[in-house]
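Listed below, chain by chain, are the residues.
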Amino acid sequence: MTETVRQIVLASRPDGSPTPSNFRLEDAAMPEVPDGWVLLETIYLSLDPYMRGRMSGAKSYADPIAIGHVMAGATVSRIMQSRHRDWREGDIVVAYSGWQTHAISDGSDLRRIDPAVAPISTGLGVLGMPGFTAYAGLGNIGHPKPGETVVVAAASGAVGSVVGQIAKIWGARAIGIAGGREKCAFVKNELGFDAAIDHRAPDFARRLAEACPEGIDVYFENVGGPVWDEVLPLLNDFARVPLCGMISHYNDDAEAEPSVDRLPASMKVIQQKSITVRGFMNVEFIDQQPTFLKEAADWIADGRLKYREDIVDGLELAPAAFIGLLQGRNFGKLVVRVSGEG
Ligand code: NDP
């Protein structure tokens, strides 16, 4: 067994968009495995937009990552050594090992996954946190009714792709917003959305309005910014807006163009149309996760829930891939293959 752990640590805090110099690749000693703990080998590392917030010094729902500490993140890992009575060597689990090849766990953060259901990497995407976020936000806040129009941006990505497909399963119309023709073609033709609109196209506003002739009943908010500006006038009376994320603002802390104040215009429409905007974190609905995992596995098996993964090979490529995620360069759920499955 290798004696060292490869890690990517936070070297410095970003000022606007992260750069490669904010990360550092290091080797550390393999940790001892205490009684009641397991040693994990990372197979896949998930890269997710929330990591940008953890790189900042500002406190939010989670503490910032300290300078010099390993970047946080969910992983699909193999148990290499177990000194815990509930876990066996060879078990495949979703863990929270961070950006490193190995980690130890006391088992409290592990979720066993069944490789027979779907490829194990899906434990980080469609059958993991992003898929559950889509299900929980749409079901508990969006409440789409059959025939209603659901719009979601970042529609080819980990959360958005699942939002639109579940909306269809529940009988609604699904309109996706995505960056570029290739992503839009995938959203419409492969995922089966009713329409997909390119937010970078000059006629974006007109095409979005054409795709929503009866307005928008549910807008699942993933991006904010200029996309929100065009969605806002199309929202119907009593529309519901699950506020999941606003990725277009995650690098705002320094480099943003002079900020547009969207608040007064947004509040006016929200008040006059009796719109519900409800922020959420997926964990508040975590008791629904077992139901989701069962339903989603069935939908995957019968072909109603499709997914696309963007797999990058090698831990050392994680910083560049993560920087690209915040610029829309990923196409599907972004995952780093850290070691082989076999
Ligand atoms: P994705 O896999 O969708 O990847 C991010 C995508 O965001 C990019 O590919 C790009 O898609 C889009 N994007 C990036 N920058 C911009 C921009 N400036 N304007 C418009 N679109 C942009 O990510 P996830 O599915 O993992 O996450 C989607 C959202 O959900 C994020 O806001 C994330 O923070 C949030 N989230 C919230 C959770 C919660 O519990 N509330 C849990 C998980 C995620 P394109 O090229 O199509 O524009």
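Everything quoted here is computed from the prediction, not taken from an experiment.

**Digging into the domain arrangement of the chain**
Bring the parts together and some accessible area is lost; that lost area is often taken as the interface size.
Then comes step 1: Taken domain by domain, the chain holds domain 1 (4-125 + 307-337) and domain 2 (129-285).
Then comes step 2: Placing the centre of domain 1 and that of domain 2 at their C-alpha centroids yields a distance of 28 Å.
Then comes step 3: In this complex, domain 1 contributes 23 residues to the contact, which on the side of domain 2 involves 16 residues.
Then comes step 4: Taking both sides of the interface into account, the surface hidden between domain 1 and domain 2 amounts to around 1,500 Å²; carbon and sulfur atoms contribute 56%.

**Quick look at the pattern of salt bridges**
Here the idea is simple: oppositely charged side chains can pair when their charged atoms come close.
Then comes step 1: Going through the model one piece at a time under the given rule, you end up with 17 salt bridges.
Then comes step 2: Between Asp91 and Arg112 there is a salt bridge, with the nearest N and O atoms lying 3.1 Å from each other. Separated by 21 residues along the polypeptide, Asp91 in the loop between strand E4 (75-82) and strand E5 (92-95) and Arg112 in strand E7 (residues 111-112) bring together distant segments of the chain.
Then comes step 3: Close ionic contact of Arg278 with Glu284 constitutes a salt bridge, the shortest N to O distance being 3.1 Å.
Then comes step 4: One continuous salt-bridge network, built from bridges that share partners, spans Arg88, Asp91 and Arg112.

**Considerations on helix H4 (residues 181-190)**
Then comes step 1: For H4, the set of buried residues is Lys183, Cys184, Phe186 and Val187. Angular distribution of buried residues about the axis of H4 spans 160°; they occupy a single face of the element. Facing away from the buried side of H4, by more than 90 degrees, are the exposed residues Arg181, Glu182 and Asn189.
Then comes step 2: Its buried side turned inward, H4 meets strand E9 (173-178) and strand E10 (195-198).
Then comes step 3: Remark: Gly192 follows H4 within two positions and exhibits a positive phi of approximately 80°.

**Regarding the site of the ligand**
Then comes step 1: Inspection of the region around the ligand gives 27 residues, with Val159, Lys183, His199, Tyr250 and Asn330 positioned closest.
Then comes step 2: Here an oxygen atom of the ligand sits 2.7 Å away from a polar atom, N or O, in the side chain of Lys183.
Then comes step 3: Asn330 places a side-chain nitrogen or oxygen 2.6 Å from an oxygen atom of the ligand.
Then comes step 4: Computed on the free molecule, the ligand has an accessible area of 920 Å², of which 91% lies beneath the protein chains in the complex.
Then comes step 5: Counting residues per element, the ones that place at least two in the shell around the ligand are helix H2 (129-142) and helix H3 (158-169).
Then comes step 6: If you count residues domain by domain, the shell around the ligand takes at least three from each of domain 1 (4-125 + 307-337) and domain 2 (129-285).

**A closer look at the side chain of Gln289**
Then comes step 1: Topologically, Gln289 is positioned in helix H9 (residues 289-301).
Then comes step 2: Apart from residues lying up to four places away in sequence, Gln289 is in contact with Arg111 and Phe132.

**Considering the sheet that holds E10**
Then comes step 1: A sheet is described by the order of its strands in space; here six strands give the open sequence E10-E9-E8-E11-E12-E13, paired in parallel fashion. Sheet topology places E10 and strand E13 (276-279) at the edges, where each strand pairs with a single neighbour. Taking each pair of neighbouring strands and ignoring which way they run, the sheet shows an average axis angle of 15°.
Then comes step 2: Both strand E8 (residues 149-153) and strand E11 (residues 216-220) contribute to a ladder of three bridges, which runs parallel.

**Re the state of the cysteines**
Then comes step 1: Applying the stated criterion to the full structure yields zero disulfides.
Then comes step 2: Considering cysteine sulfurs only, Cys212 is the nearest to Cys184, which forms no disulfide, with 13 Å between them.
Then comes step 3: The class of Cys184 is buried, set by a relative accessible area of 8%.
Then comes step 4: Left unpaired, Cys244 is separated from the closest cysteine sulfur, that of Cys212, by 19 Å.

**Here's the deal with the packing of aromatic side chains**
Then comes step 1: One pass over the structure, following the stated rule, counts ten aromatic pairs.
Then comes step 2: Plain terms: the ring middles of Phe186 and Phe331 are 5.4 Å apart, the flat faces sit at 90° to each other, and that makes the pair edge-to-face. With Phe186 in helix H4 and Phe331 in the loop between helix H10 (318-325) and strand E15 (333-337), this residue pair connects regions lying 145 residues apart in the sequence.
Then comes step 3: Residue Phe331 is classed as buried on the basis of its relative accessible area of 10%.
Then comes step 4: Three or more aromatic residues link up through ring pairs in this structure, and these residues are Phe132, Tyr135, Trp170, Phe292 and Trp299.
Then comes step 5: The ring of Phe186 carries Arg308 above its face, with NZ or CZ at 5.5 Å from the centroid.
Then comes step 6: Positioned over the ring face of Phe331 is Arg308, at 3.5 Å from the centre of the ring.

**Thoughts on the nonpolar core**
Then comes step 1: Formed by 36 residues in total, the largest nonpolar core has its most connected members in Leu138, Val150, Val163, Val187, Phe193 and Leu305.
Then comes step 2: Looking at this core, the elements with two or more residues in it are H2, E8, H3, E9, H4, E11 and H9.
Then comes step 3: No other element matches the six residues that H2 contributes to this core.
Then comes step 4: In contact with Phe193, other than residues within four places in its own chain, are Val152, Ala155, Gly160, Ser161, Gly164, Gln165, Ala174, Ile175, Gly176, Val187 and Lys188.
Then comes step 5: Counting 24 residues, the second largest nonpolar core, distinct from the first, contains Ala153, Val223, Val227 and Ile275.

What counts as what
Per chain, residue numbering runs from 1 following the sequence as it is written. Local features are withheld for residues below a pLDDT of 70 in this predicted model, meaning they are given only at 70 or higher, and side-chain atom pairs are given and counted only at 80 or more; totals for whole chains, interfaces and linings count all residues. Side-chain measures here rest on the full set of heavy atoms in the structure, leaving out hydrogens and waters. Domains are outlined according to an automatic or database domain assignment. Contact between two residues is taken to exist if any of their heavy atoms lie within 4.5 Å; hydrogens are not considered. By buried area we mean how much accessible surface two parts lose on assembly, using a 1.4 Å probe and totalling the loss over both. Here, a salt bridge means any Lys or Arg side-chain nitrogen found within 4 Å of an Asp or Glu carboxyl oxygen. Counting from the N terminus, the helices are the DSSP runs of H or I reaching at least four residues and the strands are the DSSP runs of E reaching at least two. Type-normalised accessible area, obtained with a 1.4 Å probe on protein chains alone, sets the label of each residue: buried when under 20%, exposed when over 50%, and partly exposed for intermediate values. The directions considered for the arc run from the helix axis to the C-beta atoms. Whether a residue is near a molecule or strand depends on its heavy atoms: if one lies within 4 Å, it is near. Polar contact criterion, stated in full: a pair of N or O atoms within 3.5 Å, where within protein one must be able to donate a hydrogen and the other to accept it, and residues adjacent in sequence count only if both atoms are side-chain atoms. Using a 1.4 Å probe, accessible areas were evaluated by the Shrake-Rupley method; residue-level cover was limited to the displayed protein chains. A pair of strands is considered paired only if DSSP assigns at least 2 bridges between the two. Throughout, an axis means a line fitted to C-alpha atoms (over the contacting stretch in the case of helices), and angles, computed between N-to-C directions, take values from 0 to 180 degrees. Cysteine sulfur pairs qualify as disulfides if the two atoms are within 2.5 Å. Whether two aromatic rings pair depends on their centres lying within 6.5 Å, for rings of Phe, Tyr and Trp, where Trp uses its six-membered ring; planes under 30 degrees apart make the pair stacked, over 60 edge-to-face, and the rest tilted. Here, over-ring charges are defined by two tests on the NZ atom of lysine or the CZ atom of arginine: distance to the ring centre within 6 Å, and angle to the ring normal within 35 degrees. We call a set of buried residues a nonpolar core when its members are Ala, Val, Leu, Ile, Met, Phe, Trp, Tyr or Cys and they connect through side-chain atoms within 4.5 Å of each other.

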